[in-house]
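In case you want the letters, here they are:
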Amino acid sequence: KQFEDFAFNSPAAKIAAGMMKSKYAVFYHEHVLNKEPGTEKETPWHQDQAYYPVDGFKVVSIWMPVDPVSKESSVKFVKGSHKWGKWFHPRKFASESNYPVENDNADGKTFHNVPVEDIESGKFELLSWACQPGDCIVFHGMTMHGAKGNRSTSLERRVLSTRWVGEGTTIAKRPWTVSPPILGGLAYGDKMVSDTFPLAWGSL
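Residues numbered from 1 in each chain as written. Predicted model: local features only at pLDDT ≥ 70, side-chain atom pairs only at ≥ 80, totals over all residues. Heavy atoms only, no water.

Asks: Just checking my understanding: could you explain the overall build of the protein chain for this structure?
Replies: Looking only at helices and strands, the protein chain has three helices and 13 strands in total. Scaling as 2.2 N^0.38, a compact globule of 204 residues should have a C-alpha radius of gyration of about 17 Å, and the protein chain matches this with 17 Å. Its C-alpha atoms give the protein chain principal-axis dimensions of about 45 × 40 × 25 Å. In the protein chain, which comprises 204 residues, the share counted as buried stands at 46%. Contacts in the protein chain between residues far apart in sequence, at least 24 positions, make up 84% of those at least 6 positions apart. Accessible surface, the protein chain: about 10,400 Å² in total, of which carbon and sulfur atoms supply 52%. Measuring between centres, the 24 positive side-chain charges of the protein chain sit 5 Å from its 23 negative side-chain charges. (Helix = DSSP H or I, 4+ residues; strand = E, 2+ residues; numbered from the N terminus. Rg over C-alpha atoms; globule rule 2.2 N^0.38 Å. Buried < 20%, exposed > 50% of the residue type's maximum accessible area, 1.4 Å probe, protein only. Contact = heavy atoms within 4.5 Å. Areas by Shrake-Rupley, 256 points an atom, 1.4 Å probe, with all protein chains shown as cover. Lys, Arg positive; Asp, Glu negative; His and termini not counted. Charge placed at Lys NZ, Arg CZ, Asp CG, Glu CD.)

Asks: In this structure, what is going on with the nonpolar core? I would like to understand it.
Replies: Across soluble globular proteins, you tend to see nonpolar side chains buried next to one another. In terms of nonpolar packing, the biggest core is built from 19 residues, with Y28, Y52, V54, F111, V165, M192 and F197 touching the most fellow members. Here the element with the most residues in this core is strand β1 (residues 24-35); it accounts for three residues. Apart from the residues lying within four places of it in its own chain, the contact partners of M192 are V26, Y28, V54, V165, T169, T170, I171, L186 and F197. By size, the runner-up hydrophobic cluster in this structure holds 14 residues, among which are A12, A25, W164 and A200. (Core = buried A, V, L, I, M, F, W, Y, C linked by side-chain atoms within 4.5 Å.)

Asks: Help me understand the sheet that holds strand β5 (residues 75-78) in this model?
Replies: Within a sheet, neighbouring strands are paired by backbone hydrogen bonds and run either parallel or antiparallel to one another. What the four strands build is an open sheet, ordered β2-β10-β5-β8; its pairing is antiparallel. Here the strands that pair on one side only, and so sit at the sheet edges, are β2 (43-47) and β8 (126-128). Direction aside, the axes of adjacent strands within the sheet are offset by 25 degrees on average. Across three bridges, β5 lies against strand β10 (residues 144-147) in antiparallel orientation. Bridge pairing in β10 places F77 opposite H145. (Pairing = 2+ DSSP bridges. Axes fitted to C-alpha atoms, helices over the stretch in contact; angles between N-to-C directions.)

Asks: How do you make sense of the sheet that holds strand β11 (residues 157-165) when you look at a structure like this?
Replies: The sheet built from five strands is open, its strands ordered β9-β4-β11-β1-β13 with antiparallel pairing. Bordering the open sheet on either side are β9 (137-140) and β13 (199-202), each of which pairs with just one other strand. Across the sheet, the mean angle separating the axes of adjacent strands is 30 degrees when strand polarity is ignored. Relative to β9, strand β4 (residues 59-65) is paired through four bridges, and the arrangement is antiparallel. Its bridge partner being in β9, W63 is matched across the sheet by I137. Contacts from helix α1 (residues 2-9) reach β1, β4, β11 and β13, with the element oriented near 50 degrees to β11.

Asks: How should I be thinking about the packing of aromatic side chains in this particular structure?
Replies: If you walk through the whole model with that rule in mind, you get 13 aromatic pairs. Measuring from ring centre to ring centre gives 4.9 Å for F77 and F139, while their planes differ by 50 degrees; the resulting arrangement is tilted. With F77 in strand β5 and F139 in strand β9, the pair connects residues that are 62 residues apart, well separated along the chain. Assigned by exposure class, F77 and F139 land together as buried. Through pairs of rings, three or more aromatic residues link up here, namely F3, F6, F27 and W164. Over the aromatic face of W87 sits the side chain of K109, whose NZ or CZ is 5.4 Å from the ring centroid. (Phe/Tyr/Trp six-rings, centres within 6.5 Å; stacked < 30°, edge-to-face > 60°. Lys NZ or Arg CZ within 6 Å of the ring centre and 35° of its normal.)

Asks: Would you explain the pairing of β4 in this entry?
Replies: With respect to burial, β4 is a largely interior element, six of its seven residues being buried. Note that β4 and β11 share seven bridges and pair antiparallel. Paired with W63 across the strands is S161, a residue of β11.

Structure follows, in structure tokens:
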């Protein structure tokens, strides 16, 4: 009930619609991201939308910590990467290897390897911010991002990350098992709204 209240009655959906410049916001899904004190494992550089069965440009995440997060431990973004016009292979977080290609459902897209060496060598400008509970960071589904571990010896790094879609988004095929593996009862090409993916703000 508390989470439903957040999705439908908090400012989140309106914020998502505003950032997408969409007349509505549909709630897609959420992740709870927890890095316990002393976590060394990094979140590899990746692009969210390649994991999703979603096409369209109006896709955002709201990254909202419930603990204080230092800039060092916060999510980091490659500035402007959502405008590169490139799709990148999704990567497994544990092994950092690419998702295996299972079929030819690329739908005309070319998926590139994530340019890890270029990013980490400083070729691109990175953006990151320290956050307090109540802060949020909104970013596009095509934005390249990652995060370091949590070097704090006492503070957890707990984050609620919610995903939202707007006008022009449709269910799409991918050449791998999508994550999350849910189509919400929709067929490929259908508008991204259903009982599973409910309208949270605005009008269709």
